[in-house]
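Spelled out, the chains give:
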Amino acid sequence: MSHATRRQFLAALGASALSATAGCVSSNGATYEGTWSRPGFDDARAGFSPETGPTGPLTVAWRAGVFDGYPTTSPVVADGVVYYLHTRGGRGHPHESVVSAFDAATGAERWQTIVSVADDDELAYHHDSLVVADRLYLRTLEALYALSLDGDRLWRHPIPTTAQPYPIVAPPVVADGVAVTATYGERTPPIGVAAVDAETGTPRWRVGFNSRQIPWTLAAADGAVYVPFFKGDAGVVALDLQTGRREWSVSLPVAGPVTVAGDTLLVPLDGDSDAIAATDRRTGAIRWRAPCVRHTEAGVAVAGDRVYYCADRMLLARRLDTGDLVWSFGPTPRVSLSWTPVVAGDVVYALAEHRAENGRPHYLYALDASSGRVRGSGRVSRSATVSGFAVVDGAGYVALGSGELLCLEACDVSVLGRCVRNG
């Protein structure tokens, strides 16, 4: 989209929309190229993209209204389109699980598809699970679905969730022609991990586990699926992606989603002292661990030789090989313990609360990945309910629990926090 066309679009929003975006009517030439395919970026959940994300004053380029049903899910982006999974309805009303597609540059809605409808009285009806590959994949409470990139429903594979969706962030693994998901919810019998043909939804394999093992979010790399379990018989199990054959397992007090980084598996641990542990990806042997206080849904990002995660109200950067602390950001402002960092190029993004301001708003910070130096920030929400961040060239996308999807860009010139010139 040309800058002239973009200005015409923003002008058409009217005075009230411009007021809502705090005067952010320009950017520094974002191309919106690149792909952010799932929460955690890829099947390894490394949270790293080589694209250049926005820095400097982070400003809202556009806002789109979405349904505010729980949970607030993470947007995904491919080929200039932002895809978002949301739910219409609530307790005492039918739930409609909906996928919407928005133009990445303007926020104009291209299509909306109702994936499923249910009379379930649960607070939630889906997981934070959207994945874009050559098509879209998502998990509701009762099934795994595939949609075309035009919004057509392609197939449905039943797989149950009971009680509230737990974990909330549960995208399927989609690799080498296979889509893999698990049963979720603390009262889900029987416990299992299931794989289907990614194109047709035809079952490929299923592996059962005992009822004391509750799966966390799956991760995958190099033909292996890593299944972390919490409570009871906790630990990590490695399965062959194509066959489901068990390659190894290790008993660990797992307390969150795992991340694959080369020959290392980063595993959040529970216990007397919460920790992040680096384990050998082939054997599960622990190489190092670092104590921390964190949120169980929060994950770990890895870029190059650095590990990034949120703990103790700070964003921490450690060496991947030794676990030694390189730098920290916080606790003033207070970094959200539920935030999973993402890295775009040489920038890592953190969500932090400004307790000194009225309403304790949350700001998104762009930090230098090597030093932790602040390279930009922008206010995003008065609520701590913020989705994961998706980044493509020059722009980032985040959803708010209040029912908004935001595009954040960098502003070339600002006066009193307001953009005044196009890039």
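**Observations regarding the overall build of the protein**
Of regular secondary structure, the protein possesses 2 helices and 37 strands. Out of the 423 residues in the protein, the part that is buried amounts to 60%. Once local pairs closer than 6 in sequence are excluded, the contacts in the protein between residues at least 24 apart make up 49%. About 15700 Å² of surface is accessible on the protein, with carbon and sulfur atoms providing 49% of the total.

**Some points on the pattern of salt bridges**
Summed over the entire model, instances satisfying the criterion amount to 18 salt bridges. R135 is the partner of D134 in a salt bridge, and the nearest nitrogen-oxygen pair spans 3.9 Å. Classification of D134 by relative accessible area gives exposed; the value is 57%. In this structure R135 comes out as buried when scored by relative accessible area, which is 14%.

**Side note on the sheet that holds strand β23 (residues 286–291)**
Picture the strands of a sheet paired through backbone hydrogen bonds; they go either parallel or antiparallel. Read across the open sheet, the 4 strands follow the order β20-β21-β22-β23; overall the sheet is antiparallel. Each having just a single partner strand, β20 (259–261) and β23 make up the two edges of the open sheet. Averaged over all pairs of adjacent strands, the angle between their axes in this sheet comes to 20°, without regard to strand direction.

**Quick notes on the side chain of R135**
Among the secondary structure elements, R135 is positioned in the loop between β7 (131–132) and β8 (136–139). Here the side chain of R135 touches E199 through a polar contact of 2.8 Å, landing on its backbone oxygen.

**Things to note about the pairing of strand β12 (residues 178–182)**
Burial analysis of β12 places 5 of its 5 residues in the buried class, which makes it a mostly covered element. Neither face of β12 is open: one carries V178, V180 and A182, the other A179 and T181, and all of them are buried. Pairing analysis gives 3 bridges linking strand β11 (residues 173–175) to β12, with the strands arranged antiparallel. Considered in β12, the bridge of V174 is made with A179. Connecting β11 to the next strand, β12, in antiparallel fashion are 2 residues, including D176 with a positive phi near 55°. Note: β12 against strand β13 (residues 191–197), 5 bridges, orientation antiparallel. Bridging from a neighbouring strand, V178 pairs with D197 of β13.

**Focus: the environment of R287**
With respect to the helices and strands, R287 occurs in strand β23. C-alpha separation for the pair R287 and T264, spaced 23 residues apart in sequence, amounts to 8.8 Å. What R287 contacts, discounting residues up to four positions off in sequence, is D263, T264, A278, T279 and D280. Within the structure, the side chain of R287 is placed 2.7 Å from the side chain of T264, a separation counted as a polar contact.

**Let's talk about the packing of aromatic side chains**
Counted under the stated rule, the structure contains 11 aromatic pairs. With a centroid separation of 5.1 Å and an interplanar angle of 55°, the aromatic rings of F329 and Y365 are classed as tilted. In this pair, F329 is assigned in strand β27 (residues 325–329) and Y365 in strand β31 (residues 362–368), connecting sequence segments 36 residues apart. Each member of the pair, F329 as well as Y365, carries the same accessibility label: buried. Here a set of aromatic residues connected by ring pairs shows up, and it is made of W62, F102 and Y397.

**With respect to the environment of W111**
Secondary-structure assignment places W111 in strand β6 (residues 109–118). The class for W111 is buried, based on a relative accessible area of 16%. Separated by 10 residues in sequence, W111 and A101 place their C-alpha atoms 5.5 Å apart. Once residues within four sequence positions are removed from consideration, W111 is found in contact with Y83, V99, S100, A101, L136, S148, L149, D150 and G151. At 3.3 Å, the side chain of W111 forms a polar contact with the backbone oxygen of L149.

**Structural notes on the environment of V374**
Structurally, V374 is set in strand β32 (residues 374–381). The exposure class assigned to V374 is partly exposed, which follows from its relative accessible area of 41%. As a C-alpha pair, V374 and T55 span 319 residues in sequence and 9.1 Å in three-dimensional space. For V374, the contacting residues outside a window of four places in its chain are F329, Y365, A366 and L367.

**Let's talk about the nonpolar core**
Of all hydrophobic cores here, the largest spans 56 residues; its most connected members are W62, Y308, L315, Y349, F389, Y397 and L405. With 6 residues, strand β30 (residues 347–353) is the single largest residue contributor to this core. With 40 residues, the next largest nonpolar core counts A195, W205, W248 and V260 among its residues.

**Digging into the pairing of β13**
The buried fraction of β13 is high, at 6 of 7 residues. One ladder, built from 6 bridges, connects β13 with strand β14 (residues 203–209); its direction is antiparallel. Across the sheet, residue A194 finds its bridge partner in β14, namely R206. Between β13 and β14, which follow one another and run antiparallel, lie 5 residues, and G201 among them has a positive phi close to 80°.

What counts as what
Residues numbered from 1 in each chain as written. Predicted model: local features only at pLDDT ≥ 70, side-chain atom pairs only at ≥ 80, totals over all residues. Heavy atoms only, no water. Helix = DSSP H or I, 4+ residues; strand = E, 2+ residues; numbered from the N terminus. Buried < 20%, exposed > 50% of the residue type's maximum accessible area, 1.4 Å probe, protein only. Contact = heavy atoms within 4.5 Å. Areas by Shrake-Rupley, 256 points an atom, 1.4 Å probe, with all protein chains shown as cover. Salt bridge = Lys/Arg side-chain N within 4 Å of Asp/Glu carboxyl O. Pairing = 2+ DSSP bridges. Axes fitted to C-alpha atoms, helices over the stretch in contact; angles between N-to-C directions. Polar contact = N/O pair within 3.5 Å; in protein donor to acceptor, adjacent residues only side chain to side chain. Phe/Tyr/Trp six-rings, centres within 6.5 Å; stacked < 30°, edge-to-face > 60°. Core = buried A, V, L, I, M, F, W, Y, C linked by side-chain atoms within 4.5 Å.

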